[in-house]
Structure formats: structure tokens, C-alpha cells
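The lines below spell out each chain.
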Amino acid sequence: MAVTADVIITGAGVIGLSTAYNLAAKKPGLSIVLVEKEKFHGAGSTAQCTGGIRHQFAHPLNITLTKISYPFFQRFAAQMEYPIYFRKRGYLFVTGESSKYASLLEMKTTMDRLEVPSEIIGPGEIAGRYPFVRTEDLIGGSYCRLDAYADPYGVMEGYYRQCRRLGVKVFCNTEVSSLITRNGRIEGVKAGSFEARAPVVVNAAGPHLHLVARLAGIDLPAAPYRRQVHMCAPMKQIPSDIPLIVDLDTGFYIHAERNGILLLGGTDRQTSPGLDPVVDRSGLFEFIEAATQRIPVLEDAEITGIYAGIRSLTPDGLGILGETELQGFYCIGGFGGNGFMHAPAVGLIAACLILGINPPVDPAPLSPQRFNAIRQKETVVF
Ligand SMILES: Cc1cc2nc3c(=O)[nH]c(=O)nc-3n(C[C@H](O)[C@H](O)[C@H](O)COP(=O)(O)OP(=O)(O)OC[C@H]3O[C@@H](n4cnc5c(N)ncnc54)[C@H](O)[C@@H]3O)c2cc1C
């Protein structure tokens, strides 16, 4: 089978779908083909995402990407005609280490400059608001009341349905295995007997980003890392409207789903790169230690399941978005634990770049070519 289009997008996760949607909405009539290796759209990282949306970042560009995405999430259900259960619950970062506390103070200065409200709060205030948190060893924390959650499935499906309405053609079960290039330009993709030709090809392959880039001989230092999520039954001591609480010293985080189910994790940052989302129980002891030392009532938590997903991480903690040295070939990914929350902004910026329109923010720090000279790293990571 052979098709032609104006733009081909590889990967129907939240980022590929947002890019397709923004292109189709901005330029009606543009012919867009989405190619997805799995049987269904949205079966990659996006399916394991826990739906957090935060403004609290050290890097101003990450804060700006949330500022662009946030109003879209707020109007998503109405505009995209699909429910996403957007709920403002806040994020609270806590630490007992002076260097990390200094980073939180620095982050507050950046957030003030970008006019995002946040607070630095002491252990007493944290204990008052969240009595289930152990605070004796803490120096303090940072809280932003605007930080939120939304349902990743709803966001992905809302984008997908609007893409279909706007005429985007989606080919599932179609794994891109080679790229067609000529004289330094991209000309299309091949997937078995399927061939699609277009002057623009977007690589939005999530944790496979570097593998699809390699098909063009391009080395992107984005690597896939496993992240495990422990699901626990609701507990009466932990209300379902708590913020997402992150202990920066261990990486441990907790958040409560709409139905009170608790999602816990974050102590597995040090895994080796790999694409297998297999559950690894070897870190369970360390995880339970971190969890119960910050929230002692978790001693009685009933773990109802563990699952793993893959995040694509870059050396400086920023995503990748832009045209590569191969003309017409764009790479978008490596957004780690922020790809869902930044998908609205990322898809919009990508569409602007492809259509030659000024994007709402300069994406130069996300350039695929930047890795020779990393300037500022994102440090508020977990
Ligand atoms: C446990 C967990 C929790 C997370 N929590 C959050 C959170 O709270 N907030 C947040 O913002 N982010 C979070 N993330 C990160 C977020 O899920 C990702 O950044 C985001 O989903 C990436 O979207 P994507 O479209 O780039 O990737 P994917 O959703 O992985 O989509 C890429 C698609 O490309 C397809 N593909 C790959 N190779 C090929 C090929 N050769 N040919 C055709 N198709 C191909 C894949 O099958 C896949 O469907 C979390 C991730 C994990 C694992």
C-alpha cells in the first residue's frame, strides 16, 4: 500500500496526536497521516501516565510550557468534547536537604518572575495542612495551588477523535522500519509493504524516539527508563483531595485518584535504560522504606497492584522538539515525566514550526542539535 500526504507523524501517543490535531486545526485541508505500530492509538507511555500537571520547575521554559498547556486543559472537555476530569489539587515538594531546599527557593524566584503563584512552607505548616506527613526531618517545601491532574486517557482520546473529525488518517499496526531520504531531505516512511511519502515526517515515537531517529542516522541522547507505579486501596487517613506530594530526598511521591485510590512511586530513578515495562520487585524494600518514613500510615497500605511504564529521558531533563539536520524530519519527545502535561504546548509549537508560523515561545532550548552545549539543566525532577 502506498499513500502520499503533506505530513506523516510516527506515533499516536499524546504528543503525536496533539501535533496532528494542532496541524489539522491550524491548516484545514492539510493531509496528515499518523502511523502507529500498536493495534490501537495511545498504547505507549501515554497509557501508563498518571496525569499530573505542574508549574513547579526550575527551568523557565518548562514553566512556560505548562503555562501554555494549562488553559487548554481547563477548556479541553468543552472544546474537544471529551471529559478529562481536570482537577486542581496542587503539588507539594518537600525536602530535608539544604541544597534541595535552596533549589526550591530558586525555583520560587523563577516562578514569581513568570507570575505563577507558589509558596515556600515550613514543616509546621506542612504538618498542619497534611497531618499524615512526617515532618520532623524536613526543612520545608514548595506548594503551587494551580498544579493539577487530568485523565491521560481522556486527553489522548479527545485528541484522537478530533483528529479523525478533521480528516487525519490513522494507520495502526504499522511499524515504521525505515525512512526514505534523498539529498539530505526526508521523503517518507516505510513499514513492511506500507509506504507513505511526504515532505515532512515527525518522529513522535515516545520511548522509541531515539530508535526512529537512528533510522535516519541521527543519534539523539534520549533513553528509555522504567517507572513503576504502586496502586493502593484508599485509606481513611489520606483524603482523596491531597496534592501530589513529592519527597525530593528519595523521589517518593504519592497522589490520590478521583476515587481515593493511591498511586505511589518515584524511588526508581536509577534503573538501567531499557524498553521492557516489566515489573521489577527488587526495589520494593527501598520503596516501602521511603514511603513509610515520609507517610508512616502507609505501613498499613494495601498494595492492590504494581505496573510499569517507560519514560524517555534526556541528559539535561528537557524535551526535544525541532527539525533535525535531515531537512523536513522533526523529532519530538524525551519529555520524561512531563510529556503529558506539556503535550498541548508541544503539539502547538511543533505545528507552528512545520507551518512556518511564529510559535508562542522560542523552542531553541529544546533543539535536537543542542546536546553539544548543554546550558541549564532541569533540576526539579523525581
Ligand atoms: C508511570 C508513568 C507516569 C507518568 N506520569 C506523568 C505525569 O504525571 N505527567 C506527565 O506529564 N507525564 C507523565 N508521564 C510521562 C508521559 O506519559 C509521557 O511523557 C508521554 O505520554 C509521552 O507521550 P508520547 O506521545 O511521546 O509517547 P507514547 O505515548 O509512548 O507514544 C509514542 C507512540 O509511538 C509508537 N511508536 C514507537 N515506535 C514506532 C514505530 N517505529 N512506528 C510506529 N509507531 C511507533 C508507540 O507505539 C506509541 O504509541 C508518565 C510516564 C510514566 C511511564
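In this convention, every chain numbers its residues from 1, walking through the sequence in written order. In keeping with the predicted nature of the model, local features appear solely for residues at pLDDT of at least 70, side-chain atom pairs appear and are counted solely at 80 or more, and the whole-chain, interface and lining totals rest on all residues. To obtain the side-chain values, all non-hydrogen atoms of the structure were used and water was disregarded.

(A) Here's a closer look at the overall build of the protein. Each helix and strand in the protein was counted, giving eight helices and 21 strands. Taking 2.2 N^0.38 as the reference for a compact globule, 382 residues should give roughly 21 Å; the C-alpha atoms of the protein span a radius of gyration of 21 Å, in line with that estimate. Taken along its principal axes, the extent of the C-alpha atoms in the protein is 65 × 40 × 40 Å. Three exposure classes are used, based on accessible area relative to the maximum for each residue type with a 1.4 Å probe and protein chains only: buried under 20%, partly exposed in between, and exposed over 50%. Per-residue burial for the protein yields a buried fraction of 55% across its 382 residues. Any two residues having at least one pair of non-hydrogen atoms within 4.5 Å are treated as being in contact. The long-range fraction of contacts in the protein, counting pairs at least 24 apart against all pairs at least 6 apart in sequence, stands at 75%. Elements are defined by DSSP. Helices are runs of H or I of four residues or more, strands are runs of E of two residues or more, and each kind is numbered from the N terminus. The quantity called the radius of gyration is restricted to C-alpha atoms. Its globule counterpart is 2.2 Å times the number of residues to the power 0.38.

(B) Structural context of the pairing of strand β2 (residues 7–10). Burial of the side chains of β2 extends over both faces: V7 and I9 are buried on one face and I8 and T10 on the other. One ladder, built from four bridges, connects β2 with strand β3 (residues 32–35); its direction is parallel. Residue V7 lies in a different strand from β3, and its bridge partner there is I32. We call a crossover right-handed when, viewed with both strands directed away from the observer, the connection leading from the first strand over the helix to the second proceeds clockwise. For the handedness criterion, the β-α-β arrangement of β2, helix α1 (residues 14–26) and β3 is classed as right-handed. The sheet contact formed by β2 and strand β14 (residues 200–203) spans four bridges and is parallel. Within β14, the position partnered with I8 by the bridge is V201. Here a strand pair is declared whenever DSSP counts at least two bridges between the two strands.

(C) Region of interest: the site of the ligand. The criterion for a residue being near a molecule or strand is simple. One of its heavy atoms has to lie within 4 Å of it. Residues in close proximity to the ligand total 38 residues, the closest being E36, S45, T46, G52 and M341. Within the backbone of G52, an N or O atom sits 2.8 Å from an oxygen atom of the ligand. We call two N or O atoms a polar contact when they sit within 3.5 Å, provided that within protein one can donate a hydrogen and the other can accept it, with sequence-adjacent residues counted only if both atoms are side-chain atoms. Between an oxygen atom of the ligand and a main-chain N or O atom of F340, the distance comes to 3.1 Å. When isolated, the ligand has an accessible area of 1000 Å², and the protein chains bury 96% of it. Those elements giving two or more residues to the shell around the ligand turn out to be α1, β15 (223–232) and β19 (303–313). If you tally residues by element for the shell around the ligand, the top one is β19, at three residues. In terms of residue class, the shell around the ligand is built from 14 nonpolar, 18 polar and six charged. For each domain, the first and last residues come from an automatic or database assignment. In this structure, the shell around the ligand is formed jointly by two domains, domain 1 (2–49 + 153–221 + 316–372) and domain 2 (88–147 + 223–313), each of which donates at least three residues. For every accessible area listed, the method is Shrake-Rupley and the probe measures 1.4 Å; residues are considered covered only by the protein chains on display. Under the convention adopted here, Pro, Cys and the residues Ala, Val, Leu, Ile, Met, Phe, Trp and Tyr are nonpolar, Asp, Glu, Lys and Arg are charged, and Gly plus all remaining residues are polar.

(D) Spotlight on the pattern of salt bridges. Any carboxyl oxygen of Asp or Glu that lies within 4 Å of a side-chain nitrogen of Lys or Arg is treated as forming a salt bridge with it. Counted under the stated rule, the structure contains 17 salt bridges. Between E187 and R197 there is a salt bridge; the shortest N-O distance is 3.5 Å. Of this pair, E187 sits in strand β12 (residues 185–191) while R197 sits in strand β13 (residues 194–197), and the two are ten residues apart along the sequence. Accessibility expressed as a relative area gives 22% for E187, which makes it partly exposed. Judged by its relative accessible area of 33%, R197 falls in the partly exposed class. Between R294 and D247 there is a salt bridge, with its nearest N and O atoms 2.9 Å apart. One end of the pair, R294, is in helix α7 (residues 284–294); the other, D247, is in strand β16 (residues 244–247), with 47 residues separating them in the sequence. Take R294: its relative accessible area is 1%, and that puts it in the buried class. Residue classification places D247 among the buried positions, given a relative accessible area of 1%. Among the charged side chains, a salt-bridge network with shared partners connects R134, E136, D137, D247 and R294.

(E) Summary view of the sheet that holds β13. A sheet is described by the order of its strands in space; here four strands give the open sequence β1-β13-β12-β11, paired in mixed fashion. In the strand order of this sheet, the two ends are held by β1 (2–4) and β11 (178–182), each with one partner. Here the average twist between neighbouring strands, direction ignored, is 20 degrees. The pairing of β12 with β13 spans four bridges and is classified as antiparallel. Bridge assignment links A191 to a residue of β13, and that residue is F194. An axis is simply a line fitted to the C-alpha atoms; with a helix, the fit covers only the stretch in contact. Between two such axes, the angle follows the N-to-C directions and lies from 0 to 180 degrees.

(F) Expanded view of the domain arrangement of the protein. You can read the domains of the protein as domain 1 (2–49 + 153–221 + 316–372) and domain 2 (88–147 + 223–313). Measuring from the centre of the C-alpha atoms in domain 1 to the corresponding centre in domain 2 gives 31 Å. The partner domain 2 presents eleven residues to the 13 residues of domain 1 that form the contact. Once two parts are joined, some of their accessible surface, as seen by a 1.4 Å probe, is lost; buried area is that loss totalled over both. Across the domain 1/domain 2 interface, buried area totals approximately 850 Å², and carbon plus sulfur atoms make up 60% of it. When the buried surface of domain 1 facing domain 2 is broken down by residue, Q48, P207 and G336 rank first, second and third, together holding 48% of it. Linking domain 1 with domain 2 are two residue pairs in polar contact (both at pLDDT 80 or more), by the criterion used here.

(G) Geometry of the nonpolar core. Counting residues in hydrophobic clusters, the biggest one holds 72 residues, and the most contacted among them are I9, Y159 and V202. For this core, the element with the highest residue contribution is helix α2 (residues 60–80), accounting for eight residues. Per-domain counts for this core show at least three residues from each of domain 1 (2–49 + 153–221 + 316–372) and domain 2 (88–147 + 223–313). Every residue in contact with V202, bar those within four places of it in the chain, is listed here: V7, I8, I9, T10, Y330, I332 and I354. Core analysis: the next-biggest nonpolar cluster, separate from the first, contains 25 residues, A5, I8, F194 and L220 among them. The term nonpolar core refers to a set of buried residues drawn from Ala, Val, Leu, Ile, Met, Phe, Trp, Tyr and Cys, joined through side-chain atoms within 4.5 Å.

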